[in-house]
Amino acid sequence: MAVERTLSIIKPDATRRNLTGQINARLEEAGLRIVAQRRVRLTLEQARQFYAVHASRAFFDDLCKFMVSGPVVAQVLEGEDAIARNRDAMGATNPANAADGTIRKAFGESIEANSVHGSDSAETAATEIAFFFSERDIVG
């Protein structure tokens, strides 16, 4: 297994409900280390840029509006197979379909307000991490 880094975002629905600590505890229990963290409020332009890969999808505008509706916590997670571990800890995109014990099952309100975002591949992780952090921001 390789040590990887991945991006995690705690979304506005979760920050609004003060769930950052509980979500981070679950990520750490999954064997991930938080090596960079920043609480930010995205602009609409930043949200559109970050989610540009979904620009042609019907949900794009609603997703971007949701992501600017409150602060988010962007963080870099590090660990053995961090991308897969994070995705396992998050659970299915739709909280109704997520497995018991996952973050989205426990805290997600809907497909959109599902509390967390995570990179889906090493390539995506590198791009997403660079969107929020420089190398010097990451302290492992």
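Owing to the predicted nature of the structure, the values given are computational and were not obtained by experimental measurement.

A.B. asks: What exactly am I supposed to notice about the sheet that holds strand β3 (residues 72–80) here?
C.D. replies: What the four strands build is an open sheet, ordered β2-β3-β1-β4; its pairing is antiparallel. Only two strands of the sheet have a single partner each, and these edge strands are β2 (33–40) and β4 (116–118). Taking each pair of neighbouring strands and ignoring which way they run, the sheet shows an average axis angle of 20°. Inspection of the sheet shows β2 paired to β3 by seven bridges, in the antiparallel sense. Note that in β3 the partner of V40 across the bridge is V72.

A.B. asks: Would you mind going over the packing of aromatic side chains with me for this structure?
C.D. replies: The final tally for this structure, using the stated rule, is five aromatic pairs. Look at F50 and Y51: their rings are 4.9 Å apart centre to centre, the planes differ by 85°, and that puts the pair in the edge-to-face class. Assessed through its relative accessible area of 10%, F50 is described here as buried. An aromatic cluster is defined as three or more aromatic residues linked by ring pairs; in this entry it consists of F50, Y51, F131, F132 and F133.

A.B. asks: I tried to follow unusual backbone geometry on my own but got confused; where do I start?
C.D. replies: When glycine is set aside, most residues are seen to have a negative phi, and most peptide bonds are trans. Positioned with a positive phi, N18 is a non-glycine residue whose angle comes to about 60°. Position of N18 relative to the elements: it lies in the loop between α1 (12–16) and α2 (20–29). Classification of N18 as exposed rests on a relative accessible area of 66%. Unusually for a residue other than glycine, S115 sits at a positive phi of about 75°. Topologically, S115 is positioned in the loop between α6 (103–107) and β4.

A.B. asks: Explanation requested: the pattern of salt bridges in the structure shown.
C.D. replies: Close approach of charged atoms allows side chains of opposite charge to pair. Evaluation of the coordinates by the stated rule reveals eight salt bridges. Between R17 and D13 there is a salt bridge, with the nearest N and O atoms lying 3.1 Å from each other. Its relative accessible area of 31% is what places R17 among the partly exposed residues. When its relative accessible area of 0% is taken as the criterion, D13 is described as buried. R33 is the partner of E78 in a salt bridge, and the nearest nitrogen-oxygen pair spans 3.7 Å.

Thresholds applied
- Residues numbered from 1 in each chain as written.
- Predicted model: local features only at pLDDT ≥ 70, side-chain atom pairs only at ≥ 80, totals over all residues.
- Heavy atoms only, no water.
- Pairing = 2+ DSSP bridges.
- Helix = DSSP H or I, 4+ residues; strand = E, 2+ residues; numbered from the N terminus.
- Axes fitted to C-alpha atoms, helices over the stretch in contact; angles between N-to-C directions.
- Phe/Tyr/Trp six-rings, centres within 6.5 Å; stacked < 30°, edge-to-face > 60°.
- Buried < 20%, exposed > 50% of the residue type's maximum accessible area, 1.4 Å probe, protein only.
- Salt bridge = Lys/Arg side-chain N within 4 Å of Asp/Glu carboxyl O.

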